[in-house]
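# Overview (structure and organization)
So you can see what is in the structure, the chains are spelled out below.
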Amino acid sequence: MNSRKTNLEAVEPDTDMSEPQDSTGKRPHKHEIRLGREAQARIGELLRTMYNSYVNQGVPQHLEDLVRRLGEQD
Amino acid sequence: MKLDPAIRDQVLATVPSLRAFAISLCGNVDRADDLVQETLLRALAHIDSFEPGTNMPAWLFTILRNLFRSEYRKRRREVEDADGRYAETLKSHPEQTGRVEFEEFRAALAKLPSDQREALILVGASGFSYDDAAAICGCAVGTIKSRVNRARTRLADLLAIDSVDDFGPDRATRAVLAGGGRG
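Reading the values: rules and limits
- Position numbers for residues count from 1 along each chain, tracking the sequence in the order it is written.
- Labels follow written order: the first chain is A, the first ligand is 1, and so on.
- pLDDT decides what is reported in this predicted model: residues at 70 or higher carry local features, side-chain atom pairs at 80 or more are listed and counted, and totals for whole chains, interfaces and linings draw on all residues regardless.
- Runs of E in the DSSP output that reach at least two residues are strands. Runs of H or I that reach at least four are helices, and both are numbered from the N terminus.
- To sort residues by exposure, count the other C-beta atoms lying within 10 Å of each residue's C-beta; 20 or more gives buried, 12 or fewer gives exposed, and values between give partly exposed, all with C-beta atoms placed from the backbone.
- Throughout, an axis means a line fitted to C-alpha atoms (over the contacting stretch in the case of helices), and angles, computed between N-to-C directions, take values from 0 to 180 degrees.
- Angles are sorted into four bins: roughly parallel if under 35 degrees, roughly antiparallel if over 145, roughly perpendicular if 65 to 115, and oblique for all others.
- Note on contacts: residues are paired as contacts if their backbone-placed C-beta atoms lie within 7 Å.
- Buried Ala, Val, Leu, Ile, Met, Phe, Trp, Tyr and Cys residues form a nonpolar core when they are connected through C-beta atoms within 7 Å.
- Just so you know, the domain bounds were taken from an automatic or database domain assignment.
- All residues other than Ala, Val, Leu, Ile, Met, Phe, Trp, Tyr, Cys, Pro, Asp, Glu, Lys and Arg, Gly among them, are scored as polar; the first ten of these are nonpolar and the last four charged.
- pLDDT measures how confident the predictor is about each residue, on a scale from 0 to 100.
- A crossing counts as left-handed when the near helix is turned anticlockwise from the far one by less than a right angle, and as right-handed when that turn is clockwise.

Scanning chain A from N- to C-terminus turns up 2 helices and 0 strands. Within chain A, buried positions represent 22% of all 74 residues.

Next up on the list: the packing of helix 2 (residues 61-72) of chain A against helix 2 (residues 29-45) of chain B. Direction vectors running N to C along helix 2 of chain A and helix 2 of chain B enclose 10 degrees, while the axes themselves pass 10 Å from each other. Judged by the inter-axis angle, helix 2 of chain A sits roughly parallel to helix 2 of chain B. Side by side, helix 2 of chain A and helix 2 of chain B meet where Leu63(A), Leu66(A), Val67(A) and Leu70(A) of the first sit next to Asp33(B), Val36(B), Gln37(B), Leu40(B) and Leu44(B) of the second.

A few words on the nonpolar core. Core analysis: the largest hydrophobic core is formed by 54 residues, its most contacted members being Ala22(B), Val36(B), Leu64(B), Ala119(B), Val123(B) and Ala133(B). Looking at which element gives the most residues to this core, the answer is helix 1 (residues 5-26) of chain B, with 9 residues.

Time to look at the domain arrangement of chain B. Residues and elements named next belong to chain B. Entries for chain B in the domain assignment read domain 1 (1-78) and domain 2 (112-176). The interface of domain 1 with domain 2 comprises 10 residues on the first partner and 10 residues on the second. For the side of domain 1 that touches domain 2, the secondary-structure elements that each account for two or more residues are helix 1 and helix 3 (56-78). The leading source of residues in the side of domain 1 that touches domain 2 is helix 3, at 5 residues. Here the residues of the side of domain 1 that touches domain 2 sort into 5 nonpolar, 4 polar and 1 charged.

With that settled, the discussion passes to the environment of Asp157(B). Among the structural elements, Asp157(B) can be located in helix 8 (residues 141-158). Considered as a pair, Asp157(B) and Ala108(B) are 49 residues apart in the sequence and their alpha carbons are 9.3 Å apart.

This part covers helix 6 (residues 114-124) of chain B. Judged by how many residues are buried, helix 6 of chain B sits mostly within the fold: 9 of 11 residues are covered. Among the residues of helix 6 of chain B, those classed as buried are Gln116(B), Arg117(B), Glu118(B), Ala119(B), Leu120(B), Ile121(B), Leu122(B), Val123(B) and Gly124(B).

This next bit is on unusual backbone geometry. Residue and element names in this part refer to chain B. Its identity as a non-glycine residue notwithstanding, Ala-160 has a phi of 55 degrees, on the positive side. Here Ala-160 lies in the loop between helix 8 and helix 9 (169-182). Classification of Ala-160 by C-beta neighbours within 10 Å gives exposed; the count is 9.

What follows is about the confidence of the model for chain A. With 53% of its residues at a pLDDT of 70 or more, chain A has an overall mean of 69. Note on residues 10-28 of chain A: pLDDT is under 50 here. Beyond four places in sequence and across chains, it has 20 contacts.

With that out of the way, let us pick up the packing of helix 6 of chain B against helix 7 (residues 130-137) of chain B. Residue and element names in this part refer to chain B. Where helix 6 meets helix 7, the axes come as close as 9 Å, and the angle between the chain directions of the two elements is 140 degrees. By the angle between their directions, the pair helix 6 and helix 7 is classed as oblique. Note that helix 6 runs across helix 7; the crossing there is right-handed. Of the residues in helix 7, those in contact with Glu-118, Ala-119, Leu-122 and Val-123 of helix 6 are Tyr-130, Ala-133, Ile-136 and Cys-137. Residues belonging to the contact of helix 6 with helix 7 are distributed by class as follows: 7 nonpolar, no polar and 1 charged.

Moving on to the environment of Glu118(B). All names here are of chain B. Following the sequence through the fold, Glu-118 ends up in helix 6. Glu-118 gets classed as buried once you count the C-beta atoms within 10 Å, which come to 25. For the pair formed by Glu-118 and Ala-22, sequence separation is 96 residues and the distance between their alpha carbons is 9.7 Å. When sequence neighbours within four positions are dropped, the list of residues in contact with Glu-118 reads Leu-25, Arg-65 and Cys-137.

Below, the discussion takes up the environment of Glu104(B). All names here are of chain B. If you trace the backbone, Glu-104 turns up in helix 5 (residues 100-110). When the 14 C-beta atoms within 10 Å are taken as the criterion, Glu-104 is described as partly exposed. Along the primary structure Glu-104 and Leu-159 are separated by 55 residues, whereas in three dimensions their C-alpha atoms are 7.3 Å apart.

Residues and elements named next belong to chain B. Residues at a pLDDT of 70 or more form 73% of chain B, whose mean pLDDT is 81. Per-residue pLDDT, averaged within each element of chain B, yields its smallest value for helix 9 (48) and its largest for helix 7 (97). In the model, residues 91-98 has pLDDT below 50 throughout and makes 7 contacts with residues more than four positions away in sequence or in other chains. The complex model carries a pTM of 0.74, and its ipTM stands at 0.77.

Printed below as a string of structure tokens:
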């Protein structure tokens, strides 16, 4: 999970700054506000930093014990 | 029924990310741990409904997300300022880093509607595809994309990150106006 690439940077209509068109050749809806690539990258970085700080806390012992105990029940 | 050790290990391997999702959703570590515990109890009680070889993280995240939503709705009736409590519990937890920037980010995340927050976390942090995120949230892929886009835009606004498309007309207009102001 931790090493999996996230999808915020995936190519989408709203991430393409070079042309105001998506992959189907249609223009995006006018009411959608598009973020610049740098702003998206910054938000993605902050989000992953926060999330990974939680992931890196590991698993509380009582939760690990719970899974192991329930896994042993017949 | 004794649990297949391979399945058990898949569950254990998912717990750190599952817990990170729970903390990100509810903003309170103790409550998140309760949520993870309840998720694990339900999952292991219904492990027969999990098909080996399919996506274990998505299955567990779906259970946790549904538990959170039902609890959220319940609490919403009890406590009106749910978002305020979220921000406060994030600030007060001793394991949080003290950096102002991240505190601001967490506070901004707390201000998002919960459907936007969960979509952004699933896609942007947990590493799920848009398809998986849509399945977890029980909605269309387009809905997830829209929620993620709105979440990012709102966060950029709250954090004063330059949010408008650099090549958009609004940007150009602002530049002209700014230039005119100096002259």
